[in-house]
Protein chains: 2
Amino acid sequence: MIKRISERLLLRPQDLKPLRDDFTVIGVFNPGAVRVNDEIVLLARVAEKPRDSRPGFIGLPRWEPNGKVVIDWTSKDELDRADPRVVRRKSDNLLRLTSLSHLRVFRSPDGGSMEWTQGSVLLPASPMEEFGIEDPRIVEIGETYWITYVAVSRHGAATALASTHDFVTFERHGVVFCPENKDVVLFPQKVNGEYFALHRPNPNSHFGPPEIWVARSQDLLHWGQHECLLRGNAEWESDRVGAGTQPVLLEEGWLELYHGSRRAEHAGEVGAYSVGALLLDRGNPARILRRSHEPIMQPTADFERSGFVDNVVFPTAMTKQRDTLSVYYGAADTNIGVVEFSRKELLSALH
Amino acid sequence: MIKRISERLLLRPQDLKPLRDDFTVIGVFNPGAVRVNDEIVLLARVAEKPRDSRPGFIGLPRWEPNGKVVIDWTSKDELDRADPRVVRRKSDNLLRLTSLSHLRVFRSPDGGSMEWTQGSVLLPASPMEEFGIEDPRIVEIGETYWITYVAVSRHGAATALASTHDFVTFERHGVVFCPENKDVVLFPQKVNGEYFALHRPNPNSHFGPPEIWVARSQDLLHWGQHECLLRGNAEWESDRVGAGTQPVLLEEGWLELYHGSRRAEHAGEVGAYSVGALLLDRGNPARILRRSHEPIMQPTADFERSGFVDNVVFPTAMTKQRDTLSVYYGAADTNIGVVEFSRKELLSALH
């Protein structure tokens, strides 16, 4: 781990109102973040759960194409609890999420009070998003902000693309990485004439450890030339890995923070999520120059250690001011935090 | 099922020589096929297995980057047998294939004797292909034959692209669909300004039944706008589905034959593979016009019912002569067969 220059809890569920009275906000986490003029803009995942409870039943929420939210009340006898986030129907092994996520914009003066003003709300808008939209990442390319986010449905977890100029209105561009694929981050400029993305296919590979891949594009909409970038070899990254923040261009190369999780000790638990770092070749982001062999950040603060899922730090955005890097992240699948690292110290942890 | 006008066994393992003396050919199956001038050209998957046996051990073959084949002799005590094709290492659940596949060209005068002349051999050529290359499909676009094939490695099963003008020399274009993704077929022309492909992400979806998807491209190398085309809802297609033949353009629409498999009754078995048919909109192949609710073809002949994997018909190519459709397919993961159907009768089985 490297030293946190500062650490701040930015947003908690109790700071937010649910979209409807019969729901309660259980998480505001995993935010995309960019600096826009003199502001920091967050696009955060907000997870809500039915407020009502019925003994012996779990209320599984979903969006219908007409924009209505439906709660499928399902007998607990029919379900296995995979972990706090997911239940599995015993009869056919189908998964459902126990909460329903959408995205909300929050703005704050950069470097100021970190008082947040809530802005636009992005709701599920297609059958591919019926179980929610999650974990956005943002890059600025030219005058457009491009947002990759996870679209969850009966078809699995795919990654879709949206764009905006102002974080007030958004354009949707459909599914760019088919299921199962999450944790897609775009590079903020073309490199040698091509756009690059990091992505995470194959969450439960039958052939080996979890992996982060790289793909290339001419238009951000169509992707190819897929290559494996990294395998989660160490114990702290042996269960899952995934790209985290938008990559930041330094003199030394592209700096990318990613998450890794360890295998849970018991069924129904989730292994701790930590943060690793990569330095990628400026001229060829498919090439790793240096890599952190130990996590640079682990769950240590109370708000990271305890929540909807305990012991999770999940980096989703990074901004740079001179020699300081601000990392925005989800904490315990419940809260949003930001930590500051010294650029120099972070790079010195890479080998 | 619909009537087979004719049925022929075209190639069997005993018709082929292995690539090296210490291996034996166990299958020649799942061929791409196209008509080239006055010939039928097959590009077939050839599976080989070490000839040697060591009591208590299984020899697991793989390619090394230097072009050598290595056999990893592994104690049977360390392995679970997932099915005849696959073993699973108990310590970490990693999968390995029990055979190693490459691709071979076979040519025959069209409509003639069906005596086959062997031509070029395509070998694994990248670390993404270390466990073999499999199940090619071919389309002719302009003066180029484009080949999608499965590349299997420690990274899983991905789909790569190659091209040729003559089936003598081939150009490789890398991975176009990242793991897990198989059964990719290209449409033989642009439709409304875009290339289309059918693909099969998400083999063991946690959220629902198996699915065939459609994607779009401008250049065949980069793919996006992913949409679900079909779900395997019936019992005969409840375990796996996947696009099969290259689509053939008829007046009524794009005709596509696909495979579906039913769930195995016992662990370590493979459920029977049958053939279904789809009619897709001429102007928008992402739209199903009609679909066979029952299989149009099931394993009935001896060479389809008994082999390396029993009870498999796996369609991989289709050609049309007037009102007759010839379907080339893998039989029992061992042989290549061809059947003829009446176009009219096939279409009348779609609802």
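Further up the page is the structure itself.
Please read all numbers here as calculations on a predicted model, not as lab measurements.

Peer 1: Explain the overall build of chain A residue by residue, including any values.
Peer 2: Scanning chain A for helices and strands turns up two helices and 26 strands. For 351 residues, the compact-globule estimate of 2.2 N^0.38 gives 20 Å, and chain A sits close to it at 19 Å. Each of the three principal axes of chain A carries a C-alpha extent, and together these read 60 × 45 × 40 Å. For chain A, the proportion of its 351 residues judged to be buried stands at 60%. Counting only contacts in chain A whose residues sit at least 6 apart along the sequence, the fraction spanning at least 24 positions is 54%. For chain A, the distance from the average site of its 42 positive side-chain charges to the average site of its 48 negative ones is 1 Å.

Peer 1: Account for the pattern of salt bridges, with residues named and values stated.
Peer 2: According to the stated counting rule, one finds 48 salt bridges over all chains in the structure shown. Across the salt bridge formed by glutamate 304 of chain B and arginine 4 of chain B, the nearest N and O atoms sit 2.8 Å from each other. Of this pair, glutamate 304 of chain B sits in helix 1 (residues 302-305) while arginine 4 of chain B sits in the segment before strand 1 (6-11), and the two are 300 residues apart along the sequence. Here glutamate 304 of chain B and arginine 4 of chain B have matching classes, each one buried. Each of Arg62, Glu64, Asp72 and Arg96 of chain A takes part in one network of salt bridges that share partners.

Peer 1: So what's going on with the environment of phenylalanine 170 of chain A? Which residues, and what values?
Peer 2: Residue and element names in this part refer to chain A. Looking at the secondary structure, you find phenylalanine 170 in the loop between strand 13 (156-164) and strand 14 (171-177). Sequence separation between phenylalanine 170 and leucine 186 is 16 residues; the distance between their C-alpha atoms is 17 Å. Residues within four places of phenylalanine 170 in sequence aside, it is in contact with Val105, Ser120, Leu122, Ile147, Ser163 and Thr164.

Peer 1: So what about the relation of the copies chain B and chain A? Which residues, and what values?
Peer 2: With an RMSD of 0.0 Å, the fit of chain B onto chain A corresponds to turning through 180 degrees and sliding 0.0 Å along the axis. The symmetry that links the two subunits is that of a two-fold axis. A shared binding surface is used by both copies, with 100% of the interface residues of chain B retained as interface residues in chain A.

Peer 1: An account of the interface of chain B and chain A is requested, with residue identities and associated values reported.
Peer 2: With 37 residues of chain B at the contact, the number on the chain A side is 37 residues. Taken together, the two surfaces of chain B and chain A that pack against each other cover about 3,100 Å², and 59% of this comes from carbon and sulfur. There are zero salt bridges connecting chain B and chain A. On inspection of chain B and its partner chain A, the count reaches eleven residue pairs in polar contact (both at pLDDT 80 or more). Only strand 12 (144-153), strand 14 (171-177), strand 16 (195-201), strand 17 (211-217) and strand 18 (222-231) of chain B provide two or more residues apiece to the side of chain B that touches chain A. Among the elements that line the side of chain B that touches chain A, the one with the most residues is strand 18 of chain B, at seven residues. Residues belonging to the side of chain B that touches chain A are distributed by class as follows: 16 nonpolar, 16 polar and five charged. Across three bridges, strand 18 (residues 222-231) of chain A lies against strand 18 of chain B in antiparallel orientation. Within strand 18 of chain B, the position partnered with histidine 222 of chain A by the bridge is glycine 224 of chain B.

Peer 1: Which residues make up the side chain of threonine 148 of chain B, and what values do they have?
Peer 2: Residues and elements named next belong to chain B. Looking at where threonine 148 falls in the secondary structure, it is placed in strand 12. Engagement of the side chain of threonine 148 in a polar contact is seen with the backbone oxygen of valine 184, the distance being 2.6 Å. The contacts of threonine 148, once residues within four sequence positions are left out, are Asp135, Pro136, Arg137, Thr159, Ala160, Leu161, Val184, Val185 and Leu186.

Peer 1: Help me get a handle on the environment of arginine 291 of chain A, residues and values and all.
Peer 2: Residue and element names in this part refer to chain A. Mapped onto the elements of the fold, arginine 291 is located in strand 23 (residues 284-291). Using a relative accessible area of 15% as the deciding quantity, one classes arginine 291 as buried. Separated by 24 residues in the primary sequence, arginine 291 and alanine 267 have C-alpha atoms spaced 31 Å apart. Setting aside chain neighbours within four positions, we find arginine 291 in contact with Leu230, Arg231, Gly232, Asn233, Glu237, Tyr258, Ala277, Leu278, Ala349, Leu350 and His351. A polar atom in the side chain of arginine 291 sits 2.9 Å from the side chain of glutamate 237.

Peer 1: Explain unusual backbone geometry residue by residue, including any values.
Peer 2: Here the bond from proline 179 of chain A into glutamate 180 of chain A is cis, since omega is -15 degrees, no more than 30 degrees from zero. For glutamate 180 of chain A, the position within the fold is in the loop between strand 14 and strand 15 (181-186). One non-glycine residue with positive phi stands out, namely glutamine 225 of chain B, at about 50 degrees. Turning to its location among the elements, glutamine 225 of chain B is positioned in strand 18.

Peer 1: A description of the sheet that holds strand 25 (residues 324-331) of chain A should follow, citing residues and the corresponding values.
Peer 2: Residues and elements named next belong to chain A. Here we have four strands laid out as an open sheet, ordered 1-26-25-24, and antiparallel in their pairing. Each having just a single partner strand, strand 1 (6-11) and strand 24 (313-321) make up the two edges of the open sheet. Across the sheet, the axes of successive neighbouring strands diverge by a mean angle of 25 degrees, strand direction being ignored. Across five bridges, the pairing between strand 1 and strand 26 (residues 335-342) is antiparallel. Within strand 26, the residue paired with serine 6 across the bridge is glutamate 340.

Peer 1: How would you explain the nonpolar core if you had to name every residue and give the values?
Peer 2: The nonpolar side chains of a soluble globular protein tend to be buried, and buried together. Within the largest apolar cluster, 24 residues are counted, with the highest numbers of intra-cluster contacts made by Leu255, Leu257, Ile296, Met297, Phe341 and Leu346 of chain B. Of all the elements in the fold, those that place two or more residues in this core are strand 20 (248-250), strand 21 (253-261), strand 22 (273-281), strand 24 (313-321), strand 25 (324-331), strand 26 (335-342) and helix 2 (343-348) of chain B. Per element, the largest residue contribution to this core is four residues, and it comes from strand 25 of chain B. Filtering out sequence-adjacent residues up to four positions away, leucine 346 of chain B remains in contact with Ile2, Leu255, Leu257, Ala277, Ile296, Leu325 and Phe341 of chain B. By size, the runner-up hydrophobic cluster in this structure holds 23 residues, among which are Ile2, Val248, Ile296 and Met318 of chain A.

Peer 1: If you had to explain the sheet that holds strand 26 of chain B to someone new, which residues and values would you point to?
Peer 2: Residue and element names in this part refer to chain B. Taken together, the four strands give an open sheet; going across it, the order is 1-26-25-24, and neighbouring strands pair in antiparallel fashion. Across the chains shown, the open sheet's two edge strands, defined by having one partner strand only, are strand 1 and strand 24. Each strand of the sheet is rotated relative to its neighbour by a mean of 25 degrees, with strand direction disregarded.

Peer 1: Tell me what's going on with the environment of aspartate 52 of chain A, and back it up with residues and numbers.
Peer 2: Residues and elements named next belong to chain A. Relative to the elements of secondary structure, aspartate 52 occurs in the loop between strand 3 (39-50) and strand 4 (57-63). Considering only alpha carbons, one finds aspartate 52 and glycine 283, 231 residues apart in sequence, at a separation of 54 Å. Sequence-distant contacts of aspartate 52, that is, excluding residues within four places in its chain, are made with Asp22 and Trp73.

Parameters at a glance
Residues numbered from 1 in each chain as written. Chains lettered and ligands numbered in written order. Predicted model: local features only at pLDDT ≥ 70, side-chain atom pairs only at ≥ 80, totals over all residues. Heavy atoms only, no water. Helix = DSSP H or I, 4+ residues; strand = E, 2+ residues; numbered from the N terminus. Rg over C-alpha atoms; globule rule 2.2 N^0.38 Å. Buried < 20%, exposed > 50% of the residue type's maximum accessible area, 1.4 Å probe, protein only. Contact = heavy atoms within 4.5 Å. Lys, Arg positive; Asp, Glu negative; His and termini not counted. Charge placed at Lys NZ, Arg CZ, Asp CG, Glu CD. Salt bridge = Lys/Arg side-chain N within 4 Å of Asp/Glu carboxyl O. Least-squares fit on C-alpha atoms with pLDDT ≥ 70 in both. Buried area = accessible area lost by both parts, 1.4 Å probe. Polar contact = N/O pair within 3.5 Å; in protein donor to acceptor, adjacent residues only side chain to side chain. Nonpolar A, V, L, I, M, F, W, Y, C, P; charged D, E, K, R; others polar. Pairing = 2+ DSSP bridges. Axes fitted to C-alpha atoms, helices over the stretch in contact; angles between N-to-C directions. Core = buried A, V, L, I, M, F, W, Y, C linked by side-chain atoms within 4.5 Å.

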